Amino acid sequence: MSVQFQTTHEIIATARKNVSQNVWNYITGAAETETTLRRNRHALDCLALRPRILRDVSEIDASTSFLGHKLRIPAMVAPVGSLQTITPEGGIAVAKAVAEFGIMNFISTVTEPSLEEIAASTDHPKFFQIYIRGDKQWVDDLIDRAVGAGYAGLCLTVDSAYYGRRERQLISGWLPPSIRSNPKRVHQTKLTWKWMSEMKARGGDLPFMLKGVQTAEDAAIAVEHGVDVIYVSNHGGRQMDHVSGTMAMLPEIVNAVDGAAEVIIDGGFMRGTDVLKAIALGARAVGLGRFHAWALAAGGQEGLVRALEILEAEIKNSMGLIGLTSIDQIDKSYIAAAPAVSDAHELGAFPFLPDIPRV
Ligand SMILES: Cc1cc2nc3c(=O)[nH]c(=O)nc-3n(C[C@H](O)[C@H](O)[C@H](O)COP(=O)(O)O)c2cc1C
């Protein structure tokens, strides 16, 4: 890579220069007033870490495992649709970067190239994220294709009965390819616990995740239905506006699940300290949405690898400074409530971007 980024600030500044205003709006924007987007950041900003001292932190291991797979850091690349608008190789750039770095990723139903081509592009295990764009037969065929292509798990997104009203897109009139022509989207509004169970059964032994769980009540119902992974998410604020930040939801959901399923989370995770806060409050790993989309925009596959290296450096540095040598040592005793010190917004984790127009 011609530029060796030292910080995520530089990655975001480069992404902003590389993409059109329309693609920037697509990656960065959220629904309506973008309050949910801001609350994701605000919930993270309202937690402080409690460092412990005089421990030998000369060797630090930031790795963990998820569903039997090793993760070099407790983070995964979240599903993002229409990746081909951000980098020409689309989902293949993500798969190659993630394989090279050593974590896992989710492939969206609505990205390019095909789920088979992305699966075949690397050997590392990846998860397939399901959107409903047809009837039961259509979904069964999609699941059979994902199973046949060798995906390591299925992830059903459940916060998207309707497409959020993303006003940056409505004002500019530009929609991502996945949304431009979608008459079959109506099937998504008919999704129920019963249909979800049928999809889970169709996947056979593959781990099944629900992405978009936002309450303890639904987490408990999901566990009753045998769901393997509760993915706490509000879609990065792109769907329902005026819900809570995901880090504010996490404790009640971890409590309701009570170890009966894995819990993962996304929404505003940009920094090593963000990741550690989620693990301390009971998540197994975090999903990276805009973080990875910006990295792809800045430098494709190489840009994403570099962004993950920077995130790892931040995680390890923070672990050493709070007195931890392995991820399983962190728990809620390392967390305190704290007032946020700045306004939360989509670039709130990056205070040194004065020249970047936010819209
Ligand atoms: C450009 C973009 C496209 C997305 N497309 C999908 C998608 O196809 N399927 C899905 O389940 N979530 C999708 N999401 C939501 C992410 O998976 C994730 O939940 C969200 O980005 C997390 O918030 P963050 O961006 O603040 O990290 C998308 C997010 C972005 C930014």
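This text follows the structure it describes.
Residues numbered from 1 in each chain as written. Predicted model: local features only at pLDDT ≥ 70, side-chain atom pairs only at ≥ 80, totals over all residues. Heavy atoms only, no water.

*Asks:* Honestly, the pairing of strand E10 (residues 262-266) in this entry has me stumped. Any pointers?
*Replies:* Regular strands place side chains that alternate from one sheet face to the opposite one. The buried fraction of E10 is high, at five of five residues. Neither face of E10 is open: one carries Glu262, Ile264 and Asp266, the other Val263 and Ile265, and all of them are buried. Sheet topology note: the strand E9 (residues 229-232)/E10 ladder contains four bridges and is parallel. The residue bridging valine 229 from the neighbouring strand is glutamate 262, located in E10. Running through helix H11 (residues 246-257), the crossover from E9 to the neighbouring parallel element E10 is right-handed. Taken together, E10, helix H12 (residues 272-280) and strand E11 (residues 285-288) constitute a β-α-β crossover, and its handedness is right-handed. (Buried < 20%, exposed > 50% of the residue type's maximum accessible area, 1.4 Å probe, protein only. Helix = DSSP H or I, 4+ residues; strand = E, 2+ residues; numbered from the N terminus. Pairing = 2+ DSSP bridges. Right-handed = clockwise from strand over helix to strand, strands pointing away.)

*Asks:* Can you help me understand the pattern of salt bridges in this one?
*Replies:* Tallied over the entire structure, the rule returns 14 salt bridges. The partner of arginine 168 in a salt bridge is glutamate 34, and the shortest N-O contact between them spans 2.8 Å. Placement of the pair is arginine 168 in helix H7 (residues 167-172) and glutamate 34 in the loop between helix H2 (21-28) and helix H3 (35-45), with a sequence separation of 134 residues. Glutamate 34 carries the same exposure label as arginine 168, and that label is buried. A single network of salt bridges, built from pairs that share partners, joins Lys136, Asp140, Asp144 and Arg202. (Salt bridge = Lys/Arg side-chain N within 4 Å of Asp/Glu carboxyl O.)

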